Protein chains: 2
Amino acid sequence: MEEKLPTFESIFSIDCLIFGFEAGELKILLIERNEEPFGGWFALPGYIVKEDESLDDAADRILYELTGLRDLQMKQFHTFGEVNRHPQGRVITVGYYALIRINGQKELRPISQYARKAVWHPVKSLPKLAFDHTEIFKNGFGKIRRRLNYQPIAFDLLPEKFTLTQLQGLYEAILDKKLDKRNFRKKMLSYGFLKELVEKQKGVSYRAAKLYKFDRRKYAKIFQNELTAE
Amino acid sequence: MEEKLPTFESIFSIDCLIFGFEAGELKILLIERNEEPFGGWFALPGYIVKEDESLDDAADRILYELTGLRDLQMKQFHTFGEVNRHPQGRVITVGYYALIRINGQKELRPISQYARKAVWHPVKSLPKLAFDHTEIFKNGFGKIRRRLNYQPIAFDLLPEKFTLTQLQGLYEAILDKKLDKRNFRKKMLSYGFLKELVEKQKGVSYRAAKLYKFDRRKYAKIFQNELTAE
DNA sequence: ATTTAACGGTGTAATTTTCACACCTTATAT
DNA sequence: ATATAAGGTGTGAAAATTACACCGTTAAAT
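Residues numbered from 1 in each chain as written. Chains lettered and ligands numbered in written order. Predicted model: local features only at pLDDT ≥ 70, side-chain atom pairs only at ≥ 80, totals over all residues. Heavy atoms only, no water.

K.L.:
Would you explain the overall build of chain A in this entry?
P.N.:
From N to C terminus, chain A includes five helices and nine strands. Principal-axis analysis of the C-alpha atoms places the extent of chain A at approximately 70 × 45 × 30 Å. Out of the 230 residues in chain A, the part that is buried amounts to 49%. When contacts within chain A are restricted to residue pairs at least 6 apart in sequence, those whose partners lie at least 24 apart make up 66%. Approximately 12300 Å² of chain A is accessible, and the part contributed by carbon and sulfur atoms is 47%. Distance between charge centres in chain A, computed from 39 positive and 31 negative side chains, equals 11 Å. (Helix = DSSP H or I, 4+ residues; strand = E, 2+ residues; numbered from the N terminus. Buried < 20%, exposed > 50% of the residue type's maximum accessible area, 1.4 Å probe, protein only. Contact = heavy atoms within 4.5 Å. Areas by Shrake-Rupley, 256 points an atom, 1.4 Å probe, with all protein chains shown as cover. Lys, Arg positive; Asp, Glu negative; His and termini not counted. Charge placed at Lys NZ, Arg CZ, Asp CG, Glu CD.)

K.L.:
Before we go on, may I ask you to explain the domain arrangement of chain A in this structure?
P.N.:
Reports of interface size often rely on the accessible area that becomes lost once the parts have come together. All names here are of chain A. Its domain assignment divides chain A into domain 1 (12–147) and domain 2 (159–223). Using only C-alpha atoms to locate each centre, domain 1 and domain 2 end up separated by 28 Å. Each partner contributes to the interface: domain 1 provides seven residues, whereas domain 2 provides nine residues. Counting each side, the surface lost to burial between domain 1 and domain 2 is near 680 Å², with a carbon and sulfur contribution of 67%. Three residues stand out in domain 1 for area buried against domain 2, namely Phe 21, Arg 101 and Arg 145, and they jointly supply 60% of the buried area on that side. Summed over the shared surface of domain 1 and domain 2, the number is one salt bridge. Across the salt bridge formed by Asp 176 and Lys 124, the nearest N and O atoms sit 3.0 Å from each other. Here domain 1 is connected to domain 2 by one residue pair in polar contact (both at pLDDT 80 or more). (Domains from an automatic or database assignment. Buried area = accessible area lost by both parts, 1.4 Å probe. Salt bridge = Lys/Arg side-chain N within 4 Å of Asp/Glu carboxyl O. Polar contact = N/O pair within 3.5 Å; in protein donor to acceptor, adjacent residues only side chain to side chain.)

K.L.:
Could you clarify how one ought to interpret the protein's contact with DNA strand C in this entry?
P.N.:
What surrounds DNA strand C is a group of 18 residues, the closest being A:Thr165, A:Lys181, A:Lys186, B:Asn183 and B:Arg207. Between DNA strand C and the protein, one listed contact pairs a base nitrogen with a side-chain N or O atom of A:Lys181 at 2.8 Å. Here a base nitrogen of DNA strand C sits 3.3 Å away from a polar atom, N or O, in the side chain of B:Asp180. Elements with a minimum of two residues in the surface near DNA strand C: helix H4 (181–191) of chain A together with helix H4 (181–191) of chain B. A total of four residues in the surface near DNA strand C trace back to one element, the largest contributor, which is H4(A). Residue classes in the surface near DNA strand C are distributed as five nonpolar, three polar and 10 charged. (Near = heavy atom within 4 Å. Nonpolar A, V, L, I, M, F, W, Y, C, P; charged D, E, K, R; others polar.)

K.L.:
Would you take a moment to explain the protein's contact with DNA strand D for this structure?
P.N.:
In the vicinity of DNA strand D there are 19 residues, among which A:Asn183, B:Thr165, B:Lys181, B:Lys186 and B:Lys210 approach most closely. Looking at DNA strand D alone, sugar and phosphate atoms form 39% of those within 4 Å of the protein. Side-chain polar atom of A:Asp180 to a base nitrogen of DNA strand D: 3.3 Å apart, as the coordinates give it. Between DNA strand D and the protein, one listed contact pairs a base nitrogen with a side-chain N or O atom of A:Asn183 at 2.9 Å.

K.L.:
What is the right way to look at the pattern of salt bridges in this model?
P.N.:
Where charged atoms of side chains with opposite charge meet at close range, the side chains can pair. Across all of its chains, the model carries 26 salt bridges over all chains by this definition. Of the charged contacts in the structure, one is a salt bridge between B:Glu65 and B:Arg61, with a shortest N-O distance of 3.1 Å. Residue B:Glu65 and its partner B:Arg61 are both found in helix H1 (residues 55–67); the two are separated by four residues, about one turn of the helix. For B:Arg61, a relative accessible area of 15% puts it in the buried group. Linked through salt bridges whose partners overlap, the residues forming this network are A:Asp15, A:Arg85 and A:Asp132.

K.L.:
Looking at this model, I keep getting lost on helix H2 (residues 133–147) of chain B. Mind explaining?
P.N.:
Because each turn of an α-helix spans 3.6 residues, side chains separated by three or four positions end up pointing in the same direction. Residues and elements named next belong to chain B. Compared with the 21 Å implied by 1.5 Å per residue over 15 residues, the 21 Å span of H2 between its first and last C-alpha is a close match. Those residues of H2 lying buried are His 133, Ile 136, Phe 137, Gly 140, Phe 141, Gly 142, Lys 143, Ile 144, Arg 146 and Arg 147. Residues of H2 that are buried sit in contact with strand S1 (12–22), strand S2 (25–33), strand S3 (42–43), strand S5 (75–80), strand S6 (92–99) and helix H3 (164–175). (Expected span 1.5 Å × (residues − 1).)

K.L.:
I'm lost on the packing of H3(B) against H4(B) in this one. Help?
P.N.:
In a packed pair of helices, the relevant descriptors are the angle between the two axes and the axis-to-axis distance. All names here are of chain B. Their axes nearest at 11 Å, the elements H3 and H4 cross at an angle of 105°. By the criterion of interaxial angle, the relationship of H3 to H4 is roughly perpendicular. Contacts between H3 and H4 involve Leu 164, Thr 165, Leu 167, Gln 168 and Tyr 171 from the former and Lys 181, Phe 184, Arg 185, Met 188 and Leu 189 from the latter. A class-by-class count of the residues in the contact of H3 with H4 yields six nonpolar, two polar and two charged. (Axes fitted to C-alpha atoms, helices over the stretch in contact; angles between N-to-C directions. Parallel < 35°, antiparallel > 145°, perpendicular 65-115°, else oblique.)

K.L.:
Where do I start with a negative patch on the surface in this structure?
P.N.:
A contiguous patch of negative charge, built from A:Glu82, A:Glu135, B:Asp56, B:Asp57, B:Asp60 and B:Asp71, is present on the exposed surface. Ranked by residues supplied to the negative patch, first place goes to H1(B) with three residues. Mapped onto the elements, A:Glu82 comes out in the loop between strand S5 (75–80) and strand S6 (92–99). We classify A:Glu82 as partly exposed; its relative accessible area is 46%. (Patch = residues over 30% accessible without salt bridge, like charges linked within 9 Å, V, L, I, M, F, W, Y side chains within 5 Å.)

K.L.:
Any chance you could explain H4(A) here in plain terms?
P.N.:
Structurally, the start of H4(A) carries an N-cap: the backbone nitrogen of A:Arg182 is 3.2 Å from a side-chain oxygen of A:Asp180. One or two residues past the end of H4(A) sits A:Gly192, with phi positive at roughly 85°.

K.L.:
Would you mind showing me how to read the packing of aromatic side chains here?
P.N.:
Here the distance between the centres and the angle between the planes together describe a pair of aromatic rings. Overall, the coordinates contain 30 aromatic pairs over all chains when judged by the stated rule. A centroid spacing of 4.5 Å and a plane angle of 75° characterise the contact between B:Tyr47 and B:Tyr114, whose relative ring orientation is edge-to-face. Placement of B:Tyr47 in strand S4 (residues 46–48) and of B:Tyr114 in the loop between S6 and strand S7 (115–122) is noted, with a sequence separation of 67 residues between them. According to the relative accessible area criterion, B:Tyr47 is partly exposed, its value standing at 35%. For B:Tyr114, a relative accessible area of 10% puts it in the buried group. Members of the aromatic cluster, joined through ring pairs, are A:Phe155, A:Phe162, A:Tyr191, A:Phe193, A:Phe214 and A:Tyr219. Over the face of the ring belonging to A:Tyr64 we find A:Arg70, whose NZ or CZ atom lies 3.8 Å from the ring centre. (Phe/Tyr/Trp six-rings, centres within 6.5 Å; stacked < 30°, edge-to-face > 60°. Lys NZ or Arg CZ within 6 Å of the ring centre and 35° of its normal.)

Dropping the structure here:
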């Protein structure tokens, strides 16, 4: 049956769009490239996929090697395949994203020589990026922004315990618009998946706010019957 | 700067998920494969991308060669890259979808020898498909189902002039559930992008229904300010 | 001790959207 | 004429969304 069929080899890559939230600002993770092409440029963490690893596995490995971060549960969002997007030939790239807590992570420390360093950079003022990475960023950011309205992705960006004001600030940063405090709180609490803690905020020079946790269990229970939006 | 960098070659494919609506049923376009592997099996129309064509261009060409259909405005929905999804080596594939009017199209006629024939097949009773195409179908169908709620994709599946009952039947076919007639009509008409025609349905043995058109211009005007969901 | 800066926290009314629900009308075929 | 099959229509209840402003608490500064 399968005699004499040719075998195929492939070169393609993965690029990672990792969002974090710090000091009221939305940031993404960039590397400074150490190699040609685009040596010295900022770029999304990304590299060539190995022959024997699935896309999801490759995304984890590559992000780890370039930034030191691992086990992020990234998801694919789009594949970019313009003919000349890579100067060395035809390399399509699969975009993955994740949202994470910046402070909950160890320091950024590239394992591979391929990246000089990895840094968090505000999305409001991104530098020019290598390859078509600016386009990849825009595409991914747009999707995440839309997803915010029907998926609990914001909680991945906050510390485990957070105040409602922090949560609102994050929504405002992603959506880039002001929200009404009372309506925001009412709505969030009405979902029923936020767990109010006894603990309060510390170290602030004003009235300490209540802390909340996102209760993944309750969320799953509440929304189990709905069409899961990917 | 760019001296002596190696050049890369790649083999990857595109698979197309084309939906149509006929006789109250949702269908997809399948080809019967003429070559190994999976000779004689049903499969999604799909093939290898050429070195010098973008993904979007490749999708158009491949669909045309395998089915005779062209200019469909397909959109990418996901990339599939399990290590062993293709028996001949590492071939990742980019999934594209489109929704089209079955009757508005010319007959299906593969240009390439690669497909024996192309057929419309009800999604309710799909046969086993080649490669991981069943998984690709499920993934794409799920996305389209969700998209139906916030994108005017249904109109692509209907004739240019259609009745509200036809439109409702289509929604019911995609969502796989019954909808309330009065509420459905009220809601659809409230959007303001359906243009009521003077013309009526013909050739039916019961009271003829009014025909409507989807007014793309009005749609664009109405929704221009909203976040465009891709 | 008083003041100040900064955020915490709360309620109500109007409007819009969603949902549930049933009957008469019209065109055609017999 | 009558049987058939779908066309077409409205209302009230419930839920969700929006707009909107003030007092309270805390710690730091004076």
